[in-house]
Amino acid sequence: MKYLNELNESLQIAFAAIRANKSRGLLTTLGIIIGIVAVVTTMTAANGLENSFKESISAIGSDVMYVSRMPWVMTGNWFEYRNRKNLELRNAHQLERRLREAAAVNPTTGTRKSIKYESKILNDINIVGTTDKHIMVSSSLPEFGRYMTELDVQYKRKVCVIGSEIKAQLFENVDPINKKIHIGRDIYIVVGIMEKQGSAGFFGGPNFDSQVYVPITSFLRSFGSSNDRGFNIAVKAPSHEEMEDFEFALIGEMRKIRKLHPVEKDDFSINKMDSLMAAYNNVMGVIVLIGLVITGVSLFVGGIGVMNIMFVSVTERTREIGIRKAIGAKRRTIITQFLFESSTICLIGGAAGLLLALGVTALINSLLMPASVSIPIVVVALLVSVLVGIFSGIVPAIKAAKLDPIEALRYE
């Protein structure tokens, strides 16, 4: 009870000292405010990027492996990758026959063309030639209409499924279903609109919402034979648990199809969502580290400012400290008083910084990407403020506690 009374008394003295020097306290907290804004903005931006990235690549499928000529994330000699032969459409058919346990095997290829509806034209749109199995290897589905069917692929029907951005830009308020559009020089009928998927542009990937999907057979008839282009092959594993074993089987079959000798390196790449996530985590780790270093410098500068002010406060209140010690105040009481004062200054700065960070986060959310300040981020920001206050005030507090009462009372 006695200790609680001492804490209460120290807190009252600390608040009284802060109120007596409002301008000085405000200037002192500027470094803390900047530091907390940096902390909160860094954490919210990192969370927003992570959520946006995970949402975007969810269309890739966590149990799907993509066989392609080039890796998604370059780690080796680019010239070695460049000299690889393209994958062919027949490789997908060969894999489908050999990998009976595969849940789905789906070849894709692509080109960029202008598309037109009535007088509206969109240039340089990604046209994807694929099959009805695309929705089996992807987590995305049509939001309106339907996807292409096996018969569409088999009979080379000129139908297409468009992304949500294509619908918004080309059709606006018109229902696109069963409307005819020009893709290059050919006319296709829109049979479906994909749900919003987002972009994998973090690593130079496509914007899934700005794509047009057509049957691969129709694609080859309209835009060139299979000998003129490369293909990617999506292979869905039987289950998540069998991914590792299935990957070895896939590599083995691809090596046989490509007729590679045992000593030869793979001339193809197996890409998975895990590889994208690992690359993303590495990049984000560096970005967050840089943000935290900048934040640390801001908080350090702010902490030095608080420490200087506390030394000034100790000097100005030397006689007060002497009187308190003369009437029985203990060292721990003096230390507690000044630690409360420094922590309170930093906590006020932290709260102000948090309010500013909320405004910055709202701006990021409206202009750049989904972002929000979560309860853990608020707790971390306020806790960091208090810790900076404690570390900044500990040396001045000890100096105050060590003052000799007699010498302190003589101080003018």
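Residues numbered from 1 in each chain as written. Predicted model: local features only at pLDDT ≥ 70, side-chain atom pairs only at ≥ 80, totals over all residues. Heavy atoms only, no water.

In terms of helices and strands, the chain carries 14 helices and 10 strands. Put simply, of all contacts in the chain between residues at least 6 apart along the chain, 76% involve residues at least 24 apart. Within the structure as shown, the chain displays about 21,300 Å² of accessible surface, and the carbon and sulfur contribution to it stands at 60%. (Helix = DSSP H or I, 4+ residues; strand = E, 2+ residues; numbered from the N terminus. Contact = heavy atoms within 4.5 Å. Areas by Shrake-Rupley, 256 points an atom, 1.4 Å probe, with all protein chains shown as cover.)

Before going further, it helps to spend a moment on helix H11 (residues 318–326). Of all the residues in H11, the buried ones are Thr-318, Ile-321, Gly-322, Arg-324 and Lys-325. Around the axis of H11, the buried residues are gathered within 165° of arc, so they sit on the same side. Directly beyond the C-terminal end of H11, a positive phi value near 115° is found at Gly-328. (Buried < 20%, exposed > 50% of the residue type's maximum accessible area, 1.4 Å probe, protein only. Arc of directions from axis to C-beta.)

Another aspect to go through is the pattern of salt bridges. One pass over the structure, following the stated rule, counts 14 salt bridges. The partner of Glu-96 in a salt bridge is Lys-133, with the nearest N and O atoms 3.4 Å apart. With a gap of 37 residues between them, Glu-96 in helix H4 (residues 89–98) and Lys-133 in the loop between strand S3 (120–130) and helix H5 (134–137) connect regions that are remote in the sequence. One salt bridge in this structure joins Lys-256 and Glu-253, with 3.8 Å as the shortest N-O distance. Within this pair, Lys-256 and its partner Glu-253 are both found in helix H9 (residues 243–257), separated by three residues, close to a single helical turn. (Salt bridge = Lys/Arg side-chain N within 4 Å of Asp/Glu carboxyl O.)

Looking at the secondary structure, you find Ser-342 in helix H12 (residues 331–367). Note on Ser-342: relative accessible area 0%, which makes it buried. One polar contact links the side chain of Ser-342 to the main-chain carbonyl oxygen of Leu-339, over a distance of 3.1 Å. (Polar contact = N/O pair within 3.5 Å; in protein donor to acceptor, adjacent residues only side chain to side chain.)

So, on to the packing of H4 against H9. One can describe the packing of H4 onto H9 by two numbers: an axis separation of 10 Å at closest approach and a directional angle of 130°. By the angle class used here, H4 and H9 are oblique. The hand of the H4/H9 crossing is right-handed. Together, Asn-91, Gln-94, Leu-95 and Arg-98 of H4 and Leu-250, Glu-253, Met-254, Lys-256 and Ile-257 of H9 make up the contact between the two elements. Its residues assigned to classes, the contact of H4 with H9 shows four nonpolar, two polar and three charged. (Axes fitted to C-alpha atoms, helices over the stretch in contact; angles between N-to-C directions. Parallel < 35°, antiparallel > 145°, perpendicular 65-115°, else oblique. Left-handed = near helix turned anticlockwise from the far one by under 90°. Nonpolar A, V, L, I, M, F, W, Y, C, P; charged D, E, K, R; others polar.)

A word on unusual backbone geometry. The phi dihedral of Glu-118 falls on the positive side, at around 55°, and the residue is not glycine. As for its position among the elements, Glu-118 is in the loop between strand S2 (104–117) and S3.

On to the packing of aromatic side chains, then. For the structure on display, the rule yields four aromatic pairs. Both rings, one in Phe-219 and one in Phe-223, keep their centres 5.0 Å apart while their planes meet at 70°; by these two values the pair is edge-to-face. Residue Phe-219 and its partner Phe-223 are both found in helix H8 (residues 216–223); the two are separated by four residues, about one turn of the helix. Residue classification places Phe-223 among the buried positions, given a relative accessible area of 13%. (Phe/Tyr/Trp six-rings, centres within 6.5 Å; stacked < 30°, edge-to-face > 60°.)

Before going further, it helps to examine the environment of Glu-80. Position of Glu-80 relative to the elements: it lies in helix H3 (residues 78–82). Overall, Glu-80 belongs to the partly exposed group, its relative accessible area being 35%. With 187 residues separating them in the primary sequence, Glu-80 and Asp-267 have C-alpha atoms 8.9 Å apart.

Of the strand pairs in this sheet, S2 and strand S9 (residues 232–236) are connected by five bridges, and their pairing is antiparallel. Within S9, the residue paired with Pro-107 across the bridge is Ile-233. Relative to S3, S2 runs antiparallel, the two sharing eight bridges. Bridge pairing in S3 places Lys-116 opposite Ile-121. The turn joining S2 and S3, which pair antiparallel and follow one another in sequence, is formed by two residues; a positive phi near 55° is taken by Glu-118. As judged from the two bridges shared by S2 and strand S6 (residues 180–183), these two strands associate in the antiparallel manner. Across the sheet, residue Ile-115 finds its bridge partner in S6, namely Ile-183. (Pairing = 2+ DSSP bridges.)

Where the model shows low pLDDT, its predicted coordinates should not be examined in detail. Mean pLDDT over the chain: 81, with 85% of residues reaching 70 or higher. Summarising per-element confidence for the chain, the mean pLDDT is lowest in helix H1 (residues 2–20) (60) and highest in strand S5 (residues 159–162) (96). (pLDDT = per-residue confidence, 0-100.)

There is a patch of like negative charges on the surface, built from Glu-101, Glu-241, Glu-242, Glu-244 and Asp-245. Summarising the element assignment, Glu-242 is placed in the loop between S9 and H9. For Glu-242, a relative accessible area of 41% translates into the label partly exposed. (Patch = residues over 30% accessible without salt bridge, like charges linked within 9 Å, V, L, I, M, F, W, Y side chains within 5 Å. Lys, Arg positive; Asp, Glu negative; His and termini not counted. Charge placed at Lys NZ, Arg CZ, Asp CG, Glu CD.)

What follows deals with a nonpolar patch on the surface. Taken together, the side chains of Leu-289, Val-293, Val-297, Phe-300, Val-301 and Ile-304 define a hydrophobic patch exposed on the protein surface, amounting to about 570 Å² of accessible area. Counting through the fold element by element, Leu-289 comes out in helix H10 (residues 273–316).

A word on the side chain of Thr-41. Tracing the sequence through the fold places Thr-41 in helix H2 (residues 22–57). For Thr-41, a relative accessible area of 19% puts it in the buried group. Side-chain polar atoms of Thr-41 contact the backbone oxygen of Val-37, separated by 2.6 Å. Residue contacts for Thr-41: discarding those within four places in its chain leaves Val-360 and Ile-364.

With that settled, the discussion passes to the nonpolar core. Ile-115, Ile-127, Cys-160, Ile-183 and Val-212 are the most contacted members of the largest nonpolar core, which has 32 residues in total. For this core, the secondary structure elements donating two or more residues are S2, S3, S5, helix H7 (164–171), S6, strand S7 (186–194), strand S8 (211–215) and H8. With five residues, S7 is the largest single contributor of residues to this core. Contact partners of Val-212, with chain neighbours within four places excluded, come to Ile-115, Ile-125, Asn-126, Ile-127, Val-128, Cys-160, Val-161, Ile-162, Ile-166 and Ile-183. One finds Ile-32, Val-306, Ile-334 and Ala-357 within the second-largest nonpolar core, a separate group that totals 22 residues. (Core = buried A, V, L, I, M, F, W, Y, C linked by side-chain atoms within 4.5 Å.)

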